[in-house]
Amino acid sequence: MKFFIIISLLTSLLFAETDFEAAYRVYKSNNFEQSLQMFTHLVDEKKDYDAAYILGYMYENGEGCEVNIAKSQMYYKLSSHGYYWQNKPDPSRDIQKEYNRLYTSLDKSKSEITQKTIQQYTQSLYNIKAYGANYFLPISYRLNGNYPPTNGHEALQSETEFQLSIKYDYAVNILGFNEIYSVGYTQLSFWQLYADSAYFRETNYNPEVFITLPVQKKYFKAIKIAFAHQSNGRGGVEERSWNFVSLSSYFQTAFFFTHLKLWHNVFSLEYNPNLMNYIGYGEVELIFPYEDHILKIKSRNIFSKYRATEFNYSYPFIGSKDLFFYFKGFSGYGESLIDYNKRVDKIGFGFSISR
């Protein structure tokens with residue numbers, strides 16, 4: 001109950017101003033001296049590259065200060081340098097450049113508000129981001145046992161597996177802790193492509209709302225609080241669903257990353273009352289990036305006979321920046337909701353567009 005109260009209070013503050021928005025509002029009211037101080041504080045204390053750009057403009061045009069071309073160039077350089085290195089590894093930059101080129105070719109409106117609406121409409125792609133891995137495995141082969149029939153359809157050991165995982169960040173820094181407010185959606189599907197009727201054996205749907213709080217200590221980097229729902233969208237005896245709250249912590253030691261996630265059911269095990277026995281109450285994920293390689297090992301329910309381990313390996317496909325060879329191995333319980341209480345050992349090969 002406390003979690004829901006906190007979420008409600010935080011959501012009600014969605015329209016609160018961030019520090020930059022407050023400074024920009026003061027700037028637009030022509031109170032240049034105060035906004036100069038506010039923007040300077042944002043640059044010095046929070047390395048805000050947007051604020052650095054505004055300071056460059058103010059010193060260039062003598063707004064709230066004497067014209068100072070040297071300072072203007074310094075702040076312009078700081079802004080451009082910061083944004084360049086912040087976005088340099090992002091393969092979507094080339095796509096963004098083309099969208100920017102398209103936007104700048106449009107006729108401009110005399111209304112600033114209308115122009116902002118046009119910009120949001122033409123550049124809405126930026127609002128949606130990859131969340132978990134987005135992959136497609138043409139071959140996913142079960143090494144042990146058989147899948148049970150679905151609505152009279154016999155299942156093969158070979159199938160196609162794919163996952164879609166996206167998020168939308170809708171607010172930031174409402175409470176002054178640089179926290180990020182997001183909604184996410186992950187869909188994992190198991191497609192019996194090689195069966196006669198090529199049906200979907202199982203699909204798991206996982207919407208969630210979460211808050212990410214940067215910690216930025218030497219080893220401890222961030223925490224995430226989430227409320228989520230997961231189900232397979234079926235009815236009757238094949239219904240599988242639950243609601244849960246989770247707490248995630250992220251750590252880094254040199255190039256080695258650790259993700260620790262704990263969860264708890266929220267009064268929702270009507271359709272699968274013994275689910276927690278098989279998936280446990282948390283998982284640990286180890287991430288090893290080395291040059292162009294990324295290896296991930298995820299384990300849960302480690303001290304139970306119902307343990308599960310998942311391996312993921314990815315590598316750029318023929319030098320591509322945004323397409324990767326992807327290998328997945330799974331062994332244990334809880335691979336999908338429909339088979340959460342059955343052991344599954346399988347391997348899959350394919351491609352991913354996010355890691």
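Computed from a prediction, not measured in an experiment: that's the story for all the values here.

About the criteria used
- Residues numbered from 1 in each chain as written.
- Predicted model: local features only at pLDDT ≥ 70, side-chain atom pairs only at ≥ 80, totals over all residues.
- Heavy atoms only, no water.
- Axes fitted to C-alpha atoms, helices over the stretch in contact; angles between N-to-C directions.
- Helix = DSSP H or I, 4+ residues; strand = E, 2+ residues; numbered from the N terminus.
- Parallel < 35°, antiparallel > 145°, perpendicular 65-115°, else oblique.
- Left-handed = near helix turned anticlockwise from the far one by under 90°.
- Contact = heavy atoms within 4.5 Å.
- Nonpolar A, V, L, I, M, F, W, Y, C, P; charged D, E, K, R; others polar.
- pLDDT = per-residue confidence, 0-100.
- Pairing = 2+ DSSP bridges.
- Expected span 1.5 Å × (residues − 1).
- Buried < 20%, exposed > 50% of the residue type's maximum accessible area, 1.4 Å probe, protein only.
- Salt bridge = Lys/Arg side-chain N within 4 Å of Asp/Glu carboxyl O.
- Patch = residues over 30% accessible without salt bridge, like charges linked within 9 Å, V, L, I, M, F, W, Y side chains within 5 Å.
- Areas by Shrake-Rupley, 256 points an atom, 1.4 Å probe, with all protein chains shown as cover.
- Phe/Tyr/Trp six-rings, centres within 6.5 Å; stacked < 30°, edge-to-face > 60°.
- Lys NZ or Arg CZ within 6 Å of the ring centre and 35° of its normal.
- Core = buried A, V, L, I, M, F, W, Y, C linked by side-chain atoms within 4.5 Å.

Caption draft 1: Quick peek at the packing of helix α2 (residues 19-28) against helix α4 (residues 49-61). Relative orientation of the contacting elements α2 and α4 amounts to 20°, with a least axis distance of 11 Å. As summarised for this structure, α2 and α4 are arranged roughly parallel, according to the angle between their axes. For α2 against α4, the interelement crossing comes out left-handed. Residue-level contacts link Phe 20, Tyr 24 and Tyr 27 of α2 to Asp 50, Ala 51, Ile 54, Tyr 57 and Met 58 of α4. Here the contact of α2 with α4 is built from residues that sort into 7 nonpolar, no polar and 1 charged.

Caption draft 2: Molecular detail of the packing of helix α3 (residues 32-46) against α4. Their axes nearest at 9 Å, the elements α3 and α4 cross at an angle of 140°. In terms of their interaxial angle, α3 and α4 are classed as oblique. Once α3 is placed against α4, the crossing between them reads as left-handed. Contact with α3, carried on its side by Phe 32, Ser 35, Leu 36, Phe 39, Thr 40, Leu 42 and Val 43, involves Ala 51, Ala 52, Ile 54, Leu 55, Met 58 and Tyr 59 of α4 and no other residues of that element. Residue composition of the contact of α3 with α4, by class: 11 nonpolar, 2 polar and no charged.

Caption draft 3: Fine view of the confidence of the model for the chain. Considering every residue of the chain, the mean pLDDT works out to 86; 87% of them sit at 70 or more. Confidence drops under a pLDDT of 50 for residues 1-16, and excluding neighbours within four residues, the segment shows 18 contacts in the predicted structure.

Caption draft 4: Focus on the pairing of strand β4 (residues 180-191). Looking at chain direction, strand β3 (residues 158-172) and β4 are connected through 12 bridges and run antiparallel. Paired with Ala 171 across the bridge in β4 is Tyr 181.

Caption draft 5: How the structure looks around α4. Between its first and last C-alpha atoms α4 spans 19 Å; for 13 residues at 1.5 Å apiece the expected length is 18 Å, and the two agree. Within the sequence span of α4, burial applies to Ala 51, Ala 52, Ile 54, Leu 55, Gly 56, Met 58 and Tyr 59. In the segment just after α4, Gly 62 is the residue with positive phi, at about 65°.

Caption draft 6: Local environment of the pattern of salt bridges. Applying the stated rule across the entire model yields 13 salt bridges. Put simply, Asp 169 and Lys 129 hold a salt bridge, and the shortest N to O gap is 3.0 Å. Note that Asp 169 is positioned in strand β3 and Lys 129 in strand β1 (residues 128-130), a separation of 40 residues in sequence. In this structure Lys 129 comes out as partly exposed when scored by relative accessible area, which is 40%. As a salt-bridge pair, Glu 238 and Arg 234 come within 2.9 Å of each other at their nearest N and O atoms.

Caption draft 7: Layout of a nonpolar patch on the surface. Together, Ile 139, Tyr 141, Leu 143, Leu 156, Leu 193, Tyr 194, Tyr 315, Phe 317, Ile 318, Phe 325, Phe 349 and Phe 351 make up an exposed nonpolar region whose accessible area comes to about 1,100 Å². Accessibility expressed as a relative area gives 32% for Tyr 141, which makes it partly exposed.

Caption draft 8: Representation of the packing of aromatic side chains. Under the counting rule described, the total for this entry stands at 22 aromatic pairs. Between Phe 256 and Phe 288, the ring centres sit 5.0 Å apart and the planes meet at 40°, which makes this aromatic pair tilted. Highlighted residues: Phe 256 in strand β8 (residues 256-265) and Phe 288 in strand β9 (residues 282-290), separated in sequence by 32 residues. Taking the relative accessible area as the measure of exposure, Phe 288 reaches 28% and is therefore partly exposed. Aromatic rings pair up to connect Phe 20, Tyr 24, Tyr 27, Phe 32 and Phe 39 into one cluster. Geometry around Tyr 147 places Arg 142 over its ring, the cationic atom sitting 4.7 Å from the centre. We note Arg 201 situated over the ring of Tyr 147; from NZ or CZ to the ring centre the distance is 3.6 Å.

Caption draft 9: Focus on unusual backbone geometry. Its identity as a non-glycine residue notwithstanding, Asn 178 has a phi of 60°, on the positive side. Along the chain, Asn 178 falls in the loop between β3 and β4. On the basis of relative accessible area, Asn 178 is assigned to the partly exposed category, the value being 38%. The backbone of Phe 267 shows a phi angle near 45°, a positive value even though the residue is not glycine. Structurally, Phe 267 can be placed in the loop between β8 and α8 (275-279). We classify Phe 267 as exposed; its relative accessible area is 83%.

Caption draft 10: Representation of the nonpolar core in the model. Among the nonpolar cores identified, the biggest contains 13 residues, and Phe 39, Val 43, Leu 55, Met 58 and Tyr 75 are the most heavily contacted of them. Elements that contribute at least two residues to this core include exactly α2, α3 and α4. Setting aside residues up to four positions removed in sequence, Met 58 forms contacts with Tyr 27, Phe 32, Ser 35, Leu 36, Phe 39, Glu 63 and Cys 65. If you look at the next biggest cluster of nonpolar residues, it comprises 12 residues, including Ala 228, Phe 244, Leu 269 and Tyr 333.

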